[in-house]
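Listed here are the chains, written in short residue letters.
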Amino acid sequence: METPDIITKNSDGTLLVPDNVILPFIEGDGTGPDIWRATRMVIDGAVAAAYKGAKRITWKELLVGEKGFEKTGQWLSDDALDQIKKHVVAIKGPLTTPVGKGIRSLNVSIRQKLDLFACVRPVKYIESVPSPMKHPEKIDMVIFRENTEDLYAGIEWESGSTEAREVIAFFREKMKIFLSDPCGIGIKPMSAKNTKRLVASAITHAMENGRKSVTLMHKGNIMKFTEGAFSKWGYEVAKEDFGQMTLTEEELYKTHDGVLPQGKILIKDRIADMLFQQVLLRPEEFEVIATPNLNGDYISDALAAQVGGLGMAPGANIGEHCAVFEATHGTAPKYAGLDKVNPSSLILSGAMMLDYMGWKAAADVIRSSLQETVKAKTVTYDLARQIDGAQEISCSAFGKALVDKM
Ligand code: NAP
């Protein structure tokens, strides 16, 4: 086995992944260490099963969150961020948002400081998982949520603060707009540049994965110059950069009788509130959804609930230079150290990471062993309480059960 080395990027952006690759991980707070231990065992087991020793991962821990603060005095150091940049791909458990003035969510800070502009959340039903839907198997979507702008940019001022009063005075004097005083103010910035790179990555994903449609989800009927512009810029980038590959719904009916030609991707848009209804009523019509930050937050969790909840939902934050794969739930502090919670979200995020690295055989091993384990009704407490006749096992036993099936 060659000496461990880091991932590098070719000039066209594709990854060069050595067979013995160094990957940084952040264990996470609360239940993070429990789910990370199980996840690491499963990822290592899958790589060994798929490549019989020809590939392996050399893990490198980054001290972030409570562990970082304890050992280095910093919640999120510049060194940890530099290490993620240098290694291109990393995986993380959930992090507590430290309580106190001036400290933002570490998760949001990581996304913004590394410019991880796309939050990618696949939502696909795993057989036997309890779901509130009649036909959860019809749900197979990937959400691309813009990660850097919108009301999430954190530009807001408290009601009655000097800054809020100055903004209110500015509107009154310069724009003749009269806001209640005092009132809290939040700003919703959205740009063509950031929208277009997000939509372009959603279309690229659709092309690379044989998906037939990309839906632009927005609330442009009300917020014309932010959400409405998101949809307009989305159509623009589809024409400018993917003109040969894409069709709008108008073109589909005008020139193709409503039948999508082989190999083409349909670009459509839906108003956010209507899309929430349609993903319940006709989920099979949606494959890739590209959307601004706040809509993306809501729709990702709602869709995760449709296929069995956040404990099973994987996610990644992907930028031009690096990508961080993470559990989509929080630290679930009341279960910390009990070896109890479901590690599937982080395990499936690990499978996404292996896909991203081009180690698809190992990713497939993870998904099929997880499917088999759940089907055999050997599951953690969260699923056991919903599945008749299930055998409840611990977080680590669930990880071990997956490895045993590889
Ligand atoms: P949470 O940690 O997601 O936990 C809420 C509930 O969800 C848990 O009590 C549990 O439900 C269920 N749950 C979460 N993870 C589970 C798992 N792996 N397996 C089974 N069930 C699971 O949300 P929270 O309590 O609102 O947040 C706690 C902390 O996490 C906060 O500091 C927050 O800022 C942080 N957070 C971090 C991230 C991130 O790192 N990306 C995301 C969200 C929140 P039951 O009680 O029903 O068993």
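Along every chain, residues carry numbers that run from 1 in the direction the sequence is written. Totals for whole chains, interfaces and linings use all residues, but because this is a predicted model, local features are given only for residues with pLDDT of at least 70 and pairs of side-chain atoms are given and counted only at 80 or more. Note that the side-chain values use all heavy atoms of the structure and ignore hydrogens as well as water.

### Thoughts on the site of the ligand
Item 1. Residues are counted as near a molecule or strand when any one of their heavy atoms sits within 4 Å of it. Near the ligand there are 19 residues, and of these Gly 330, Ala 332, Lys 334, Tyr 335 and Tyr 381 occur at the shortest range.
Item 2. Polar contact criterion, stated in full: a pair of N or O atoms within 3.5 Å, where within protein one must be able to donate a hydrogen and the other to accept it, and residues adjacent in sequence count only if both atoms are side-chain atoms. Measuring from a nitrogen atom of the ligand, one finds a side-chain N or O atom of His 329 at 3.2 Å.
Item 3. Between an oxygen atom of the ligand and a side-chain N or O atom of Tyr 335, the distance comes to 2.6 Å.
Item 4. When the ligand sits alone it has 890 Å² of accessible area, and the protein chains cover 67% of it.
Item 5. We call Asp, Glu, Lys and Arg charged. Ala, Val, Leu, Ile, Met, Phe, Trp, Tyr, Cys and Pro are nonpolar, and the rest, Gly among them, are polar. Among the residues forming the shell around the ligand, the class breakdown is seven nonpolar, seven polar and five charged. Note that accessible areas follow from Shrake-Rupley with a 1.4 Å probe, and for residues the cover is restricted to the protein chains shown.

### Regarding the layout of surface pockets
Item 1. Of the grid points, spaced at 1 Å and generated over the protein atoms alone, those admitting a 1.4 Å probe that cannot get out make up cavities, while open sets with protein on both sides within 12 Å along at least five of seven lines make up pockets; any residue with an atom within 4 Å of a point is treated as lining. Grid points are joined across faces, edges and corners, and a volume is the space filled by probe spheres set on the points. In this model, the largest pocket occupies a volume close to 1600 Å³.
Item 2. Forming the walls of the largest pocket are 48 residues, and the residues nearest its centre are Val 120, His 205, Asn 209, Ile 318 and Tyr 356.
Item 3. Going through the elements one at a time, strand 6 (118-124), strand 7 (140-146), helix 6 (192-208), helix 10 (293-306), strand 14 (314-318), helix 11 (344-357) and helix 12 (360-375) are the ones with two or more residues in the lining of the largest pocket.
Item 4. Of the residues contributing to the lining of the largest pocket, the split by class is 23 nonpolar, twelve polar and 13 charged. Here a helix means four or more residues in a row that DSSP labels H or I, a strand means two or more in a row labelled E, and each is numbered from the N terminus.

### Comments concerning the pairing of strand 3 (residues 20-26)
Item 1. The buried fraction of strand 3 is high, at seven of seven residues.
Item 2. Only protein chains enter the accessibility calculation, which uses a 1.4 Å probe; a residue is then buried when its area is under 20% of its type maximum, exposed when over 50%, and partly exposed in between. Burial along strand 3 is two-sided: Asn 20, Ile 22, Pro 24 and Ile 26 facing one way and Val 21, Leu 23 and Phe 25 facing the other are all buried.
Item 3. Two strands pair if DSSP finds at least two bridges between them. Examined bridge by bridge, strand 3 and strand 4 (residues 56-61) share six bridges and lie parallel to one another. Bridging across to strand 4, Phe 25 finds its partner in Glu 61.
Item 4. One ladder, built from two bridges, connects strand 3 with strand 5 (residues 89-92); its direction is parallel. Its bridge partner being in strand 5, Ile 26 is matched across the sheet by Lys 92.

### As for the nonpolar core
Here is a general trend for soluble globular proteins: nonpolar side chains tend to be buried in one another's company.
Item 1. Core analysis: the largest hydrophobic core is formed by 76 residues, its most contacted members being Leu 354 and Met 357.
Item 2. What Met 357 contacts, discounting residues up to four positions off in sequence, is Ile 7, Leu 15, Val 17, Val 21, Leu 23 and Val 89. The set of buried Ala, Val, Leu, Ile, Met, Phe, Trp, Tyr and Cys residues whose side-chain atoms join them within 4.5 Å is what this entry labels a nonpolar core. Any two residues whose heavy atoms approach within 4.5 Å are treated as being in contact.

### What about the pattern of salt bridges?
Item 1. The rule for a salt bridge is simple: a side-chain nitrogen of Lys or Arg has to be within 4 Å of a carboxyl oxygen of Asp or Glu. Applying the stated rule across the entire model yields 28 salt bridges.
Item 2. One salt bridge in this structure joins Lys 196 and Glu 240, with 3.3 Å as the shortest N-O distance. Here Glu 240 lies in helix 7 (residues 224-242) and Lys 196 lies in helix 6, a separation of 44 residues in the sequence.
Item 3. Its salt-bridge partner being Lys 219, residue Asp 273 comes within 3.2 Å of it at the nearest N-O pair. Linking Asp 273 in helix 9 (residues 272-281) with Lys 219 in the loop between strand 10 (213-218) and helix 7, this pair joins segments that are 54 residues apart in sequence.

### Observations regarding the packing of helix 1 (residues 32-51) against helix 12
Item 1. The convention used is that axes are lines fitted to C-alpha atoms, helices contributing only their stretch in contact, and that angles between N-to-C directions extend from 0 to 180 degrees. At a minimum axis separation of 8 Å, helix 1 and helix 12 run at an interaxial angle of 120°. One element, helix 1, and the other, helix 12, form an angle in the oblique class. Seen from above, helix 1 lies across helix 12 with right-handed handedness. On helix 12, the residues that touch Val 42, Ile 43, Ala 46, Val 47, Ala 49, Ala 50 and Tyr 51 of helix 1 are Lys 360, Ala 361, Ala 362, Val 365 and Ile 366.
Item 2. Residue composition of the contact of helix 1 with helix 12, by class: eleven nonpolar, no polar and one charged. Here the word oblique covers every angle except those under 35 degrees (roughly parallel), over 145 (roughly antiparallel) and from 65 to 115 (roughly perpendicular). In a left-handed crossing the near helix is turned counterclockwise from the far helix by less than a right angle, and in a right-handed crossing that turn is clockwise.

### Some words on empty space enclosed by the protein
Item 1. Scanning the model with the defined rule gives four cavities of 30 Å³ or more in all.
Item 2. By volume, the largest cavity is sized at about 40 Å³.
Item 3. Together, Tyr 235, Ala 238, Lys 239, Thr 246, Leu 247, Thr 248 and Ile 267 line the largest cavity.
Item 4. Elements with a minimum of two residues in the lining of the largest cavity: helix 7 and strand 11 (246-248).
Item 5. Here the residues of the lining of the largest cavity sort into four nonpolar, two polar and one charged.

The quantities given are spatial measurements derived from coordinates; they are silent on function.
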